[in-house]
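# Topology and contacts: notes
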Amino acid sequence: QVQLVESGGGSVQAGGSLRLSCAASGRTFSSYAMGWFRQAPGKEREFVAAISWSGSTTTYADSVKGRFAISRVNAKNTVFLQLNNLKPEDTAVYYCAAAMGIVVPTTSVRYDYWGRGTQVTVSS
């Protein structure tokens, strides 16, 4: 079992930055690929970014490429999502997720564990 707790959300103006964190329980954190998803009101949950267990491979949704950065510190059981140059359309609840194995999934069904989310609100 892996428990995930997100933090770092908040309200910012367009162009601002936030850093989201996801703390994982358990001693097998380094066995999991980690991903971030988001869900805006009235919309489906969508992929944002993911990182391999080692941190050597990252992948991003086109909508955030060049603005967001995912990273992890296995020694601290934590994955981060740096959000830069935020836009109003980035407003959503952001979820952290864990997927066992070496594949870096971009679809939610491939993830085994989920956090409860943290709200990000970007005003224009």
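Here is what the cut-offs are and how they apply
- Residues numbered from 1 in each chain as written.
- Predicted model: local features only at pLDDT ≥ 70, side-chain atom pairs only at ≥ 80, totals over all residues.
- Heavy atoms only, no water.
- Helix = DSSP H or I, 4+ residues; strand = E, 2+ residues; numbered from the N terminus.
- Buried < 20%, exposed > 50% of the residue type's maximum accessible area, 1.4 Å probe, protein only.
- Lys, Arg positive; Asp, Glu negative; His and termini not counted.
- Salt bridge = Lys/Arg side-chain N within 4 Å of Asp/Glu carboxyl O.
- Polar contact = N/O pair within 3.5 Å; in protein donor to acceptor, adjacent residues only side chain to side chain.
- Contact = heavy atoms within 4.5 Å.
- Phe/Tyr/Trp six-rings, centres within 6.5 Å; stacked < 30°, edge-to-face > 60°.
- Lys NZ or Arg CZ within 6 Å of the ring centre and 35° of its normal.
- Core = buried A, V, L, I, M, F, W, Y, C linked by side-chain atoms within 4.5 Å.
- Patch = residues over 30% accessible without salt bridge, like charges linked within 9 Å, V, L, I, M, F, W, Y side chains within 5 Å.
- Areas by Shrake-Rupley, 256 points an atom, 1.4 Å probe, with all protein chains shown as cover.
- Disulfide = S-S within 2.5 Å.

What follows deals with the side chain of Glu 6. Tracing the backbone shows Glu 6 in strand 1 (residues 4-7). At 7.6 Å, Arg 116 is the nearest oppositely charged side chain to Glu 6, a buried residue that forms no salt bridge. Separated by 2.8 Å, the side chain of Glu 6 and the backbone nitrogen of Cys 96 make a polar contact. With residues near it in sequence (within four places) discarded, Glu 6 still touches Ser 21, Cys 22, Trp 36, Tyr 94, Tyr 95, Cys 96, Gly 115, Arg 116, Gly 117 and Thr 118.

The geometry of an aromatic ring pair comes down to the distance between the two centres and the angle between the two planes. With the rule as written, the count across this model stands at 5 aromatic pairs. Here the aromatic rings of Phe 37 and Trp 114 are separated by 5.0 Å at their centres, their planes lie at 55°, and the arrangement is tilted. Here Phe 37, found in strand 4 (residues 32-39), pairs with Trp 114, found in strand 10 (residues 113-114); they are 77 residues apart in sequence, far enough to count as distant. Grouped by ring-pair contacts, the aromatic residues Phe 37, Phe 47, Tyr 111 and Trp 114 constitute a single cluster. The residue whose ring lies beneath Arg 19 is Phe 80, and the NZ or CZ to ring-centre distance is 3.9 Å.

Next up on the list: the nonpolar core. Among the nonpolar cores identified, the biggest contains 36 residues, and Met 34, Trp 36, Val 79, Leu 81 and Tyr 94 are the most heavily contacted of them. In terms of residues, this core owes the most to one element, strand 9 (residues 92-100), which gives 6 residues.

Next up on the list: a nonpolar patch on the surface. A cluster of nonpolar side chains, contributed by Trp 53, Ile 102 and Val 103, occupies part of the molecular surface with about 330 Å² of accessible area. Residue placement: Ile 102 occurs in the loop between strand 9 and strand 10.

Counted by the stated rule, this structure contains 1 disulfide. Across the disulfide, Cys 22 is cross-linked to Cys 96 (sulfur-sulfur distance 2.1 Å). Around the S-S axis, the bridge from Cys 22 to Cys 96 shows a dihedral of about -75° and counts as left-handed. Taken together, the positions of Cys 22 in strand 3 (residues 18-24) and Cys 96 in strand 9 put the pair 74 residues apart, joining distant regions of the chain. The same class applies to Cys 22 and to Cys 96, which are both buried.

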